[in-house]
Structure formats: structure tokens, C-alpha cells
Amino acid sequence: MAGKVFELEQVLVYRREMEKLRKQEFATAKQGLEQANIELDREELLLGHLTLEFQRCQQEIGCIDDLRMYSDFFARKKDEIKQHKGRVECLDQIMNEKRSDLMEASRGKKVLESLKEKKAAEFKQEMATKERNFLDEISIQKKG
């Protein structure tokens with residue numbers, strides 16, 4: 001006995017594909033955020049090491065121009081780190097949006113899957129009732 005075809009099967013297939021696409025987008029966004037966080041940590045660690053090195057050799061610096069160069073370098077590095085933090089925040093926001101899109105796609109797919117399961121159960125119940133009625137009719141005809 002062939003099962004009844006789900007009327008919204010094409011929509012369900014589309015929703016599954018959309019969920020798959022959203023998962024890929026979310027994974028890409030998450031990977032980008034993780035990479036940006038690693039780069040930010042590396043930059044902050046480098047700045048910390050350079051600060052310690054500067055403190056050690058500060059007594060050896062003889063002219064004001066060298067001191068000014070160090071100062072400009074640290075100011076530039078701090079600006080770069082500040083920009084990097086802004087980029088990380090932006091990537092975090094994008095990742096959260098992608099997560100929200102993924103959750104919405106998953107919900108849509110689950111609704112259709114549960115509807116499909118419900119329709120399949122109804123069809124199975126209907127077929128069982130018809131079969132029972134048919135068997136009852138055969139037994140009545142044999143007795144009569």
C-alpha cells in the first residue's frame with residue numbers, strides 16, 4: 001500500500017535546504033569571529049610584551065626623538081587594537097543575526113515536519129479504519 005504524498009513536501013524540502021544554508025552561514029560567521037578574537041588576543045599580547053621591553057630599555061634611550069617614536073608606536077598600536085575590538089563587536093553582532101536566522105529556519109522546518117508526521121499518522125489511522133471496516137464486511141458476508 002503506497003502512502004499518501006504530503007502536500008507540502010516541496011516546501012519542506014525548501015525549508016530543509018534553507019536550514020542547511022543558514023547553518024553554513026552561521027558556521028562561517030562563527031569562524032570569522034573566532035579568528036578575529038585570536039588576532040585581537042595576539043595583538044594585545046604583543047603590545048604587552050613590547051610594553052615590558054620598553055620599560056626595560058627605557059633608561060638606555062638617549063634622545064627625545066626615540067622616546068617620541070616609541071610613544072607614537074604605542075599610540076598607533078592602541079588605535080589598531082581599538083579598531084580590532086570594533087571589528088570583533090561587529091562580527092559578534094553578525095554572528096548573533098545568523099544564529100537568529102538559523103533558529104527561525106529550524107523552527108519553520110520543524111513545524112512542517114510535525115505537520116507531515118501528523119498527516120501520516122492520520123492517514124495510517126484512516127487506512128486502518130478502512131481495513132477494519134472491509135474485514136468486518138467480509139466476515140458479515142460469509143456468515144450471511
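As a reminder, the structure under discussion sits directly above these lines.
Computed from a predicted model, the values in this text were never measured in an experiment.

(A) Layout of the overall build of the protein chain. What the protein chain contains, in helices and strands, is 2 helices and 0 strands. Radius of gyration (C-alpha) of the protein chain: 33 Å, far over the 15 Å computed for a compact globule of 144 residues. The dimensions of the protein chain, computed from C-alpha atoms along their principal axes, are 120 × 20 × 15 Å. Within the protein chain, the proportion of its 144 residues that are buried is 17%. Of the accessible surface of the protein chain, which amounts to about 11,500 Å², a share of 54% is contributed by carbon and sulfur atoms. Charge-centre separation for the protein chain: the mean point of 29 positive side chains lies 8 Å from the mean point of 29 negative side chains.

(B) Spatial organisation of the side chain of His-84. Topologically, His-84 is positioned in helix α2 (residues 64-143). What His-84 contacts, discounting residues up to four positions off in sequence, is Ala-36, Glu-39 and Leu-40.

Each value, and the rule that gives it
Within each chain, residue numbers correspond to sequence positions counted from 1 in written order. Local features in this predicted model are restricted to residues of pLDDT 70 or higher, and side-chain atom pairs are both shown and tallied only at a pLDDT of 80 or more, whereas totals for entire chains, interfaces and linings draw on every residue. Hydrogens are left out, water is left out, and the side-chain values use all remaining heavy atoms of the structure. Comment: elements are numbered from the N terminus, with helices defined as DSSP H or I runs of at least four residues and strands as E runs of at least two. Here the globule rule reads 2.2 Å times residues to the power 0.38, and the radius of gyration is calculated from C-alpha atoms. Three exposure classes are used, based on accessible area relative to the maximum for each residue type with a 1.4 Å probe and protein chains only: buried under 20%, partly exposed in between, and exposed over 50%. All accessible areas in this document rest on Shrake-Rupley with a 1.4 Å probe, and a residue is counted as covered only by the protein chains that are shown. His is not counted here, nor are the chain ends, while Lys and Arg score as positive and Asp and Glu score as negative. By convention, charge coordinates are those of NZ in Lys, CZ in Arg, CG in Asp, or CD in Glu. Any two residues having at least one pair of non-hydrogen atoms within 4.5 Å are treated as being in contact.

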